[in-house]
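Commentary on secondary and tertiary structure
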Amino acid sequence: MRRVITTTVLNQSGVLNRVTGLLMKRQFNIESISVGHTEQPGMSKMTFIVNVDNEGKLEQLLKQLQKQIDVIKVHDITDKAMVLRELAIVKVASSPAARNEIYTIVEPFRATVVDMSKNVTTFQVAGDPEKIEAFIDLMRPYGIKEITRTGVSAFVRETQKAQTEQMSII
């Protein structure tokens, strides 16, 4: 089970190390992690995606995270309506002859050009991880020179649909 976990933590030295160390000791593989300041001074929010084998292990993880001294709140938001975004910067080989074709492909992704040289164009694209993967897959035939991704950031939407409504949408 792929789970999206958010934690609110004190913005202090060593917090990231303690949280990731806990995950390492419990043998959870972190697929994605992002950390940043929040609207509250002195607080940061960590969002990470981990694979969890079963509900028991998930409960253990959430309880162990909550016990950490600098952790204020822990939430598994996987089953909630949420906003989930990632940013990728992708350098693509782009000869002048192929540029128009590439621009036509990237337009639906709302990717923006952040750097350009004679034979390379660098795009910035943001969205859910599946959108990022689709963009990268479409750019591969042109020759990807370099990729960097931020990791996922997420939070729960203000309005939550009933569980049965959510299931019928999927």
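The structure reproduced in this document is the subject of the present report. (Residues numbered from 1 in each chain as written. Predicted model: local features only at pLDDT ≥ 70, side-chain atom pairs only at ≥ 80, totals over all residues. Heavy atoms only, no water.)

**Quick word on the overall build of the chain**
A count of helical and extended segments in the chain gives five helices and nine strands. Listing every helix and strand of the chain by position from the N terminus yields β-α-β-β-α-β-β-α-β-β-α-β-β-α. Along the first, second and third principal axes, the C-alpha set of the chain runs to 55 × 45 × 30 Å. Element-wise, carbon and sulfur atoms account for 52% of the exposed surface of the chain, whose accessible area totals about 10,300 Å². (Helix = DSSP H or I, 4+ residues; strand = E, 2+ residues; numbered from the N terminus. Areas by Shrake-Rupley, 256 points an atom, 1.4 Å probe, with all protein chains shown as cover.)

**Observations concerning the sheet that holds strand S3 (residues 43-51)**
Read across the open sheet, the four strands follow the order S2-S3-S1-S4; overall the sheet is antiparallel. The open sheet has two edge strands, strand S2 (30-37) and strand S4 (71-76), and neither has a second partner. Averaged over neighbouring strand pairs, the angle between their axes works out to 15° when direction is ignored. Two strands pair when backbone bridges link them, and strand S1 (residues 2-10) and S4 are joined in this way by five bridges, in the antiparallel orientation. Pairing of Val9 across the sheet is with Val71, part of S4. Contacts from helix H1 (residues 15-25) reach S1, S2, S3 and S4, with the element oriented near 160° to S2. Along the sheet, helix H2 (residues 55-67) makes contact with S1, S3 and S4, crossing S4 at roughly 160°. (Pairing = 2+ DSSP bridges. Axes fitted to C-alpha atoms, helices over the stretch in contact; angles between N-to-C directions. Contact = heavy atoms within 4.5 Å.)

**Regarding the nonpolar core**
In this structure, Ile5, Val19, Phe48, Val50, Leu61 and Leu65 are the most contacted members of the largest nonpolar core, which totals 16 residues. Contributions of two or more residues to this core are made by S1, H1, S3, H2 and S4. Looking at which element gives the most residues to this core, the answer is H1, with four residues. Excluding residues within four positions of it along the chain, Val50 makes contact with Met1, Arg2, Arg3, Ile5, Asn29, Ile30 and Leu61. Of all hydrophobic cores here, the second largest spans 15 residues; its members include Val90, Ile102, Phe123 and Ile136. (Core = buried A, V, L, I, M, F, W, Y, C linked by side-chain atoms within 4.5 Å. Buried < 20%, exposed > 50% of the residue type's maximum accessible area, 1.4 Å probe, protein only.)

**Quick notes on empty space enclosed by the protein**
The final tally for this structure, using the stated rule, is one cavity of 30 Å³ or more. Space inside the largest cavity adds up to approximately 30 Å³. (1 Å grid on protein atoms, 1.4 Å probe; cavity = no way out; pocket = protein on both sides within 12 Å on 5 of 7 lines; lining within 4 Å. Points joined across faces, edges and corners; volume = space filled by probe spheres on them.)

**Observations regarding the side chain of Thr121**
Within the secondary structure layout, Thr121 lies in strand S7 (residues 120-127). According to the relative accessible area criterion, Thr121 is buried, its value standing at 1%. Side chain to side chain, Thr121 and Arg99 meet in a polar contact 3.5 Å long. Among all residues touching Thr121, those that are not within four sequence positions of it are Val90, Lys91, Val92, Ser94, Arg99, Tyr103, Val113, Asp115 and Met116. (Polar contact = N/O pair within 3.5 Å; in protein donor to acceptor, adjacent residues only side chain to side chain.)

**Topic: the layout of surface pockets**
Within this model, the largest pocket holds a volume of roughly 430 Å³. Residue assignment for the lining of the largest pocket shows that the elements contributing at least two residues are S1, S2, S3, S4, strand S5 (82-93) and strand S9 (153-156). Per-class residue counts for the lining of the largest pocket are six nonpolar, eleven polar and four charged. (Nonpolar A, V, L, I, M, F, W, Y, C, P; charged D, E, K, R; others polar.)

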